[in-house]
Amino acid sequence: MPSHGRAIVGAWFQNDEQLECDYSRKQGGALRRLGAAFRLVWKHYGTLRRARMIYCLNGMHYTVLLLLSRCGLFSTEGKIIRRVAYHDTALQRLVSSLQNASPAFQLDCITSEQFATTAQQLGARRVILRPWKIDTGWFQPPDDVPKTRILLPGNISRDESMVAPLLHGGLSITRMARIPSLLPRFADEIANPRFELVMNASHREYLEHLHAAPMVLLPIVPCDNPAGLTAAMEAISAGVPVLANHSMGLTELFSECHYPVPMLHNLDPDAWAQACHQIEDQRDSPDFLAALDNSRQLLLKRHSILPAGEDWEQIFAEASTADSAISEAAFGAASSPA
């Protein structure tokens, strides 16, 4: 990303705390977010005009630039403007919006399924398949850490009804999330000593719970996005067994990493309980541990964030190669976002 483009990222996303405070908890509806995006774009309009590549980390910024382009108030000549799209519904809206838009506007997809569908509708040049990445250096396997409760992490698209029957079956579970509605949802389970509800944990606290978990559960309900993908990658990187059902993104990831834990085909609590006990039975097996490590090594090759902003340099270099309108000189200004 060009160095003068960092302001657009740093202005809103200084750190996780600001993101949580200023965006996640204060969205206030689409109109408020659209207004905030307009103000941010206006504030950095000069930077955006000079930038050869603009990578929007927020869909509203992308929408504003698209609207300004359609109105003739923002020139896209010699530019590439991209955003990542996670949800199928968002992709379908964008496909409709981009049909007659400037070819400068492109989309990144993180699953092969979404890429194939969107590329067929928009054309392969406007859609990029970019593997989802995590900080695998942070999620290292722990030293000898005592195992406590099974971990069920994540904010959306989780089958919360799975918890009660698993507790009833004798399993111990920690549910970690940032959703206030889970407090009344698990009012009865909180009294159970084998259950723990952890809200708004820091990254370090999450890592401690992950390392202490004998396994991670990802019961994903039907949805239009690759829910659970980050949590699965974090667990695989940390060497913690993952139990999940077939769903967008996860099925692809498990196949790609030759993951040794079979995926479940439904959300039947009895089947999940049985699978949990099977993982417990083989958790110390040398063959099982070797298979988990093999999956981890495959994950590291494709899904590790590169140091010193090299991912952003790769993104810009690939875009420069694909679009002859972008000069090699612009690549010299490439840098990671603040």
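Residues numbered from 1 in each chain as written. Predicted model: local features only at pLDDT ≥ 70, side-chain atom pairs only at ≥ 80, totals over all residues. Heavy atoms only, no water.

(A) Main features of the sheet that holds strand β4 (residues 127–129). Across the sheet, which stays open at both edges, the 4 strands sit in the order β1-β2-β3-β4 with parallel pairing between neighbours. The two strands at the open ends of the sheet, each matched to only one other strand, are β1 (53–56) and β4. Neighbouring strand axes in the sheet, compared pairwise and without regard to direction, differ in orientation by 25° on average. Pairing between β1 and strand β2 (residues 80–84): 4 bridges, direction parallel. Within β2, the position partnered with M53 by the bridge is I80. Set on the sheet, helix α5 (residues 59–70) makes contact with β1, β2 and β3 (105–109); between it and β3 the angle comes to about 160°. (Pairing = 2+ DSSP bridges. Helix = DSSP H or I, 4+ residues; strand = E, 2+ residues; numbered from the N terminus. Axes fitted to C-alpha atoms, helices over the stretch in contact; angles between N-to-C directions. Contact = heavy atoms within 4.5 Å.)

(B) Structural detail: the packing of aromatic side chains. Applying the stated criterion to the full structure yields 8 aromatic pairs. Here Y45 and F74 contribute two aromatic rings whose centre-to-centre distance is 6.0 Å and whose plane-to-plane angle is 65°, an arrangement assigned as edge-to-face. Residue Y45 is found in helix α4 (residues 45–50), and its partner F74 is found in the loop between α5 and β2; the two are separated by 29 residues along the sequence. Three or more aromatic residues joined by ring pairs make a cluster, and in this case those are W42, Y45 and F74. Sitting over the ring of F186, R185 keeps its end group 5.2 Å from the ring centre. (Phe/Tyr/Trp six-rings, centres within 6.5 Å; stacked < 30°, edge-to-face > 60°. Lys NZ or Arg CZ within 6 Å of the ring centre and 35° of its normal.)

(C) Highlighting the confidence of the model for the chain. Across the chain, the average pLDDT comes to 86, with 86% of residues at 70 or higher. Considering only residues more than four positions removed or in separate chains, one finds that residues 1–25, a stretch of pLDDT under 50, has 56 contacts. Across residues 324–338, where pLDDT falls below 50, the model places 36 contacts with residues more than four positions away in sequence or in other chains. (pLDDT = per-residue confidence, 0-100.)

(D) Structural context of the nonpolar core. Within the largest apolar cluster, 65 residues are counted, with the highest numbers of intra-cluster contacts made by L210, L217, L218, L243 and L253. The element best represented in this core is helix α11 (residues 229–237), accounting for 6 residues. If sequence neighbours within four positions are ignored, L253 has contacts with L229, A232, M233, I236, L299 and H303. Counting residues in each nonpolar core, the second largest holds 26 residues, with F74, L91, F105 and C109 among its members. (Core = buried A, V, L, I, M, F, W, Y, C linked by side-chain atoms within 4.5 Å. Buried < 20%, exposed > 50% of the residue type's maximum accessible area, 1.4 Å probe, protein only.)

(E) Region of the structure containing the environment of A124. By the secondary structure assignment, A124 is in the loop between α7 (112–122) and β4. Classification of A124 as exposed rests on a relative accessible area of 57%. C-alpha of A124 to C-alpha of Q106: the two residues are 18 residues apart in sequence and 10.0 Å apart in space.

(F) Broad picture of unusual backbone geometry. The phi angle at S157 is positive, at roughly 60°, despite the residue not being glycine. Mapped onto the secondary structure, S157 falls in the loop between β5 (150–153) and α8 (163–168). Take S157: its relative accessible area is 17%, and that puts it in the buried class. You will see that H258, though not glycine, has its phi angle at about 50°, which is positive. Note that H258 resides in the loop between α12 (250–256) and α13 (269–282).

(G) Summary view of the pairing of β1. Where burial is concerned, the two faces of β1 agree: the one with M53 and Y55 and the one with I54 and C56 are both buried. Of the crossover connections in this fold, the one passing from β1 over α5 to the parallel β2 is right-handed. (Right-handed = clockwise from strand over helix to strand, strands pointing away.)

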